[in-house]
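For reference, the chains in residue letters:
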Amino acid sequence: MNGRLKATLVLRGLIVLFVGLAAVFLLDLWGRPAPLRLIPLVDPAFLDTATARRSYADLVRAKEDLSDFDCYACHEKNKPPVLRYDEHQNLLIPREHSDIVMGHGQHGRNNNCFNCHNETNLELLQTRDGRQVKFADSSQLCGSCHGPTFEDWEVGAHGRISGYWNRSRGPIKRQDCVNCHNPHAPPFPSRHPAPGPHLLHELAESSARAETVP
Ligand code: HEC
Ligand code: HEC
Ligand code: HEC
Ligand code: HEC
């Protein structure tokens, strides 16, 4: 066989092969892979980095409505509000403050308004050890009763601290206690955990079923 004839045979063989392959693909003889399941979008609530609450200091910075903090728009100076209780010694919250639901400590142990607010000057808070602090410095108030947690917070072990490790390159950002805890009812309501990472590839039937078992 000379070289030319050999080449012609090989080329014809290839043509037959490719036409055959084209037919196989067109007729779908091998079948197609199952379509991938759509990846559900993560609830944006899980990606939100904002804190649970906005503090007085946040409202001041954003120049928002501060009328809730304008105590003397309703109260009279030099006339401390009188706390009223029902027959079971539960504090009664007046209608004007109905947005406040007290639940500080089990059995309402720290529900007394004047454990924190200064009764002779409602625009100030007052710490356990008798210091007067502004609403913007309320973490000092919390720290006066929650010493160990406050120390953890100061060193960055409690409460989300962000910013720079290397302080020579920039400051750290500390969230105040009231950015997360409602001072009037500080425990967190329970919440759903964020979903686990999505494994971009299809799971085998059995493990897929296992994954959906709670
Ligand atoms: C919209 C009007 C209004 C504003 C603003 C307001 N109060 Fe009051 N507050 C009332 C009324 C009305 C009462 C019930 C009558 C009273 O005790 O004087 C009351 C009662 C209270 C009481 C007694 C609560 C109880 O359970 O008996 C406290 C403490 C108090 N206010 C603190 C404050 C503080 C601190 C501020 C500012 C951060 C403030 N209030 C702002 C209207 C207001
Ligand atoms: C006058 C003292 C006092 C001040 C001020 C105070 N707390 Fe408390 N706190 C308590 C007491 C007492 C409890 C109840 C502990 C218990 O029931 O075992 C409590 C409970 C709590 C709890 C729930 C802990 C748990 O495990 O149930 C949180 C969270 C909390 N406080 C956060 C705060 C924050 C935030 C501030 C500042 C806005 C603050 N506290 C200010 C006395 C205080
Ligand atoms: C554990 C401490 C604590 C107790 C107890 C407490 N407060 Fe407060 N309160 C605070 C702090 C701290 C703020 C400011 C929070 C912020 O920066 O968002 C505040 C804010 C407020 C405000 C203005 C914002 C708002 O939520 O309307 C009012 C009014 C108020 N408190 C009334 C009361 C009354 C009335 C009581 C008693 C029924 C009470 N507080 C008990 C710590 C306390
Ligand atoms: C970035 C949010 C955040 C900040 C800021 C924050 N906390 Fe907490 N804190 C939490 C969470 C979340 C828990 C766990 C809540 C639960 O299990 O109910 C918690 C738990 C607590 C508890 C319960 C006991 C414990 O130590 O586990 C106390 C008391 C408390 N915080 C006080 C404070 C005080 C005081 C400050 C400010 C000096 C503060 N927190 C700042 C989010 C925060």
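Predicted model, so just to flag it, every value in this text is computed and none were measured.

## Thoughts on the overall build of the protein chain
Item 1. The helix and strand inventory of the protein chain stands at six helices and six strands.
Item 2. Sequence-ordered secondary structure for the protein chain, helices as α and strands as β, is α-α-β-β-β-β-α-α-β-β-α-α.
Item 3. At 33 Å, the protein chain has a C-alpha radius of gyration far larger than the 17 Å of a compact globule built from 214 residues.
Item 4. Oriented by its inertia axes, the alpha-carbon framework of the protein chain measures out at about 120 × 50 × 35 Å.
Item 5. Long-range pairs, those at least 24 residues apart, make up 42% of the contacts in the protein chain between residues at least 6 apart in sequence.
Item 6. If you sum the accessible surface of the protein chain, you get close to 17,600 Å²; carbon and sulfur atoms cover 59% of it.

## Looking at the packing of aromatic side chains
Item 1. Applying the stated criterion across every chain, the model contains five aromatic pairs.
Item 2. Here Phe25 and Trp30 contribute two aromatic rings whose centre-to-centre distance is 5.8 Å and whose plane-to-plane angle is 75°, an arrangement assigned as edge-to-face. Trp30 shares its class with Phe25; the two are exposed.
Item 3. Ring centres 5.6 Å apart and planes at 50° place the aromatic pair Tyr56 and Phe135 in the tilted group. Here Tyr56, found in helix α2 (residues 56–61), pairs with Phe135, found in the loop between β4 (132–134) and α3 (138–145); they are 79 residues apart in sequence, far enough to count as distant.
Item 4. The class of Tyr56 is partly exposed, set by a relative accessible area of 24%.
Item 5. With a relative accessible area of 15%, Phe135 lands in the buried category.
Item 6. A network of ring pairs unites the aromatic residues Tyr56, Phe69 and Phe135 as a single cluster.
Item 7. In this structure, Arg174 packs its charged tip against the face of Trp153, placed 5.0 Å from the ring centre.

## Here's the deal with the environment of Thr8
Item 1. Tracing the backbone shows Thr8 in helix α1 (residues 3–26).
Item 2. At a separation of 2.8 Å, a polar atom in the side chain of Thr8 contacts the main-chain carbonyl oxygen of Arg4.

## Overview of the site of ligand 3
Item 1. Close contacts around ligand 3 come from 24 residues, with Tyr56, Cys113, Cys116, His117 and His184 the closest.
Item 2. Residue Arg53 places a side-chain N or O atom 3.3 Å away from an oxygen atom belonging to ligand 3.
Item 3. Side-chain polar atom of His184 to a nitrogen atom of ligand 3: 2.9 Å apart, as the coordinates give it.
Item 4. For the shell around ligand 3, the per-class residue count stands at twelve nonpolar, nine polar and three charged.

## Regarding the site of ligand 2
Item 1. In the region of ligand 2, 16 residues are neighbours, and His104, Asn110, Cys142, Cys145 and His146 sit closest.
Item 2. For ligand 2, an oxygen atom lies 3.2 Å from a polar atom in the side chain of Arg109.
Item 3. For ligand 2, a nitrogen atom lies 2.8 Å from a polar atom in the side chain of His146.
Item 4. If you list the elements that add at least two residues to the shell around ligand 2, you get α3 and α5 (177–180).
Item 5. Looking at the shell around ligand 2 residue by residue, the class counts come to eight nonpolar, six polar and two charged.

## Quick word on the coordination of the iron atom of ligand 1
Item 1. With distances of 1.9 to 2.0 Å, the protein atoms coordinating the iron atom of ligand 1 are His75 (NE2) and His97 (NE2).
Item 2. Around the iron atom of ligand 1, the six donor atoms are arranged such that angles at the metal cover 87 to 179°; this shape is classified as octahedral. Of this pair, His75 sits in the loop between α2 and β1 (84–85) while His97 sits in the loop between β2 (91–92) and β3 (124–126), and the two are 22 residues apart along the sequence.

## Observations regarding the side chain of Asn111
Item 1. Structurally, Asn111 is set in the loop between β2 and β3.
Item 2. Note on Asn111: relative accessible area 16%, which makes it buried.
Item 3. At 3.1 Å, the side chain of Asn111 and the backbone nitrogen of His104 are in polar contact.
Item 4. What Asn111 contacts, discounting residues up to four positions off in sequence, is Leu91, Met102, Gly103 and His104.

Calculation notes
- Each chain has its residues counted from 1, running along the sequence as written.
- Here the convention is simple: chains get letters from A, ligands get numbers from 1, in the order in which they are written.
- pLDDT decides what is reported in this predicted model: residues at 70 or higher carry local features, side-chain atom pairs at 80 or more are listed and counted, and totals for whole chains, interfaces and linings draw on all residues regardless.
- With hydrogens and water excluded, all non-hydrogen atoms of the structure serve as input to the side-chain values.
- Helix and strand definitions here come from DSSP, where helices need a minimum of 4 consecutive H or I residues and strands a minimum of 2 consecutive E residues; each element is numbered from the N-terminal end.
- The globule rule used for comparison is 2.2 Å times the number of residues to the exponent 0.38, while the radius of gyration itself is calculated over C-alpha atoms.
- Should any heavy atoms of two residues lie within 4.5 Å, those residues are counted as being in contact.
- For accessible areas, the Shrake-Rupley method is used with a probe of radius 1.4 Å. Any residue's cover is judged against the shown protein chains and nothing else.
- Under the pairing criterion, centres of Phe, Tyr and Trp rings, with the six-membered ring standing for Trp, must be within 6.5 Å; the plane angle then separates stacked pairs below 30 degrees from edge-to-face pairs above 60, leaving the rest tilted.
- For every residue, the accessible area (1.4 Å probe, protein chains only) is compared with the maximum for its type, and the residue is labelled buried under 20%, exposed over 50%, or partly exposed between those bounds.
- We call a charge positioned over a ring when the NZ of a Lys or the CZ of an Arg lies within 6 Å of the ring centre and within 35 degrees of the ring normal.
- Contacts described as polar in this section are N or O atom pairs within 3.5 Å, which, within protein, must combine one atom able to donate a hydrogen with one able to accept it, while residues neighboring in sequence count only if both atoms come from side chains.
- One heavy atom suffices: a residue is near a molecule or strand as soon as one of its heavy atoms comes within 4 Å of it.
- Under the grouping applied here, Gly and all other residues not named as nonpolar or charged are polar, the nonpolar ones being Ala, Val, Leu, Ile, Met, Phe, Trp, Tyr, Cys and Pro and the charged ones Asp, Glu, Lys and Arg.
- Metal coordination here is assigned from N, O and S atoms located within 2.8 Å of the ion, or within 3.2 Å for Na, K and Ca; omission of water means that sites may look incomplete.
- Four donors are marked tetrahedral only if all angles between them lie between 85 and 135 degrees, whereas four are marked square planar and six octahedral if opposite donors are more than 155 degrees apart and the other angles lie between 65 and 115; the remainder are marked irregular.

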